[in-house]
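This is what each chain is made of:
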Amino acid sequence: MTGDYKALKLIASSNPHIRNNEDTRSIMLDVIIALCPALAWSVFRFGFRALIAALVSVGSALCWEWAYRKVLNKPQMLGDLSAAVTGLLLSMVCPVTLPYWMLVIGNFFAIVVVKQLYGGLGKNFMNPALAGRAALVACYASQMTSWIAPGEKAPLSMINADVVTAATPMAMMGEDFAGLTVKYGVRDMFVGLIGGSAGEISAMMLLIGGLYLIWRKVISWHIPVAYIGTVALLALITTPAGSSPLTYMAYSVFGGGLMLGAFFMATDYVTSPVTKKGQLIFGVGCGLLTVFIRKFGSFPEGVCYSILLMNCTVWIIDQHVKPIRFGVDPEKEKAKKAEEKAKKKEAAAK
């Protein structure tokens, strides 16, 4: 070796050594961009009230986060756009005709109770937007289950407004699937020529947004594929007598909030498993619960509660589905854990 090795300059830095330009703000901005097609379609179908509702929801979410952190003298985090995403998602899982003040209350529960009281971003144990929706359903069941009929435009103000309402496809699916196929075709379900909330009428627009997130590597395919695949498989198995299994599967996948939940809710970093195997288990669990609630529950849609229930199991999934540490012999590690467990039992017996 030529030269003086002492002249070499070695740079040591702490892990991780992989760097990129992504941060919370860029990720949340991608989510907002991915939701824009579905939001634009809802404005086209329901009128500008859908846009106003989204703006009110986002604005109230930002205000609640700012106020909470101001009162407790904590650093403001509005710039990371996480509160904006929560507000936008909440508006998309509620009826377009929902009074604006109810969206404000729903955002209070989502931002203050579910997110900030547990420590803020990264510490909440369930999805804030879905928790806000569940709270609104519990408090205002009538308003949260009144859906504007397809083709109707919602007025900006609901005072003395005469709006035609209709059952959603998921409600019809549980009662009269044959009648649903006559009223709406598979194309209507996929494109979004049906009734429902802003975030569930167009599977096509939500799919475009979901694929954008996968392309941008904001989310991985594991949870959406496991979730949608489980629902599709169970739909094939539980097809009502006299109906086409493929048709029933298509209506089960394209209807309701499955696409929104699979791509935008279940994939939330904070409330989903960290490992790929854990994400597959999480997605399958969401799919099983969704079909179970749709079949046997009192509500025609089960996406919201299935994800919230699975959020509560993430800790145990992460605990039992751990990657093997580099340089560790799995057999020796297993034997070591068994020995430690035996010692604990022996100590407890004394």
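Parameters and conventions
Residues numbered from 1 in each chain as written. Predicted model: local features only at pLDDT ≥ 70, side-chain atom pairs only at ≥ 80, totals over all residues. Heavy atoms only, no water. Phe/Tyr/Trp six-rings, centres within 6.5 Å; stacked < 30°, edge-to-face > 60°. Helix = DSSP H or I, 4+ residues; strand = E, 2+ residues; numbered from the N terminus. Buried < 20%, exposed > 50% of the residue type's maximum accessible area, 1.4 Å probe, protein only. Contact = heavy atoms within 4.5 Å. Expected span 1.5 Å × (residues − 1). Salt bridge = Lys/Arg side-chain N within 4 Å of Asp/Glu carboxyl O. Axes fitted to C-alpha atoms, helices over the stretch in contact; angles between N-to-C directions. Left-handed = near helix turned anticlockwise from the far one by under 90°. Nonpolar A, V, L, I, M, F, W, Y, C, P; charged D, E, K, R; others polar.

Things to note about the packing of aromatic side chains
Summed over all chains, the structure comprises nine aromatic pairs. Residues F292 and F296 carry aromatic rings whose centres are separated by 5.2 Å and whose planes lie at 50° to one another, so their mutual orientation is tilted. Remark: F296 and F292 occur in helix α14 (residues 276-296); sequence separation between them is four residues, near one turn of the helix. As far as burial versus exposure is concerned, F292 and F296 are alike and both exposed. A network of ring pairs unites the aromatic residues F177, Y248 and Y251 as a single cluster.

Some points on unusual backbone geometry
Despite not being glycine, N73 shows a phi value in the positive range, around 55°. Tracing the chain through its elements places N73 in the loop between α2 (49-71) and α3 (82-92). N73 sits in the exposed class, given a relative accessible area of 71%.

Things to note about the side chain of S252
Structurally, S252 can be placed in helix α12 (residues 245-254). Owing to a relative accessible area of 5%, S252 belongs among the buried residues under this scheme. Filtering out sequence-adjacent residues up to four positions away, S252 remains in contact with M173, V231, A235, L258 and R294.

Notes on helix α4 (residues 100-115)
Quick reminder: α-helices carry 3.6 residues per turn. Residues three or four places apart thus point the same way. Between its first and last C-alpha, α4 extends 21 Å over 16 residues, near the 22 Å set by a 1.5 Å rise per residue. Among all positions in α4, only M102, L103, G106, N107, A110, I111, V112, V114 and K115 are buried.

Some remarks on the pattern of salt bridges
Taken as a whole, this structure holds three salt bridges when the rule is applied. A salt bridge links D30 to R216; the nearest nitrogen and oxygen atoms lie 3.1 Å apart. With D30 in helix α1 (residues 24-46) and R216 in the loop between α10 (203-215) and α11 (222-237), this pair connects stretches of sequence that are 186 residues apart. Judged by relative accessible area, which is 36%, R216 ranks as partly exposed. Notably, a salt bridge pairs K115 with E65, separated by 2.8 Å at the nearest N-O pair. Taken as a pair, K115 in helix α4 and E65 in helix α2 lie far apart in primary sequence, 50 residues in all. For K115, a relative accessible area of 3% translates into the label buried.

What about the packing of α11 against α12?
For the pair α11 and α12, interaxial distance at closest approach is 8 Å and the crossing angle is 145°. As α11 runs across α12, the sense of the crossing is right-handed. Facing α11, whose interface residues are I228, V231, A232, A235 and L236, α12 presents P245, L246, Y248, M249, S252 and V253. Split by residue class, the contact of α11 with α12 holds 10 nonpolar, one polar and no charged.

Details of the packing of α2 against α4
Look at α2 against α4: their axes get within 8 Å of each other, and the N-to-C directions meet at 35°. For α2 against α4, the interelement crossing comes out right-handed. When α2 is examined against α4, the residues R49, I52, A53, V56, S57, S60, A61, W64, E65 and Y68 are found in contact with a partner set consisting of Y100, L103, V104, N107, F108, I111, V112 and K115. Considering only residue class, the contact of α2 with α4 consists of 12 nonpolar, three polar and three charged.

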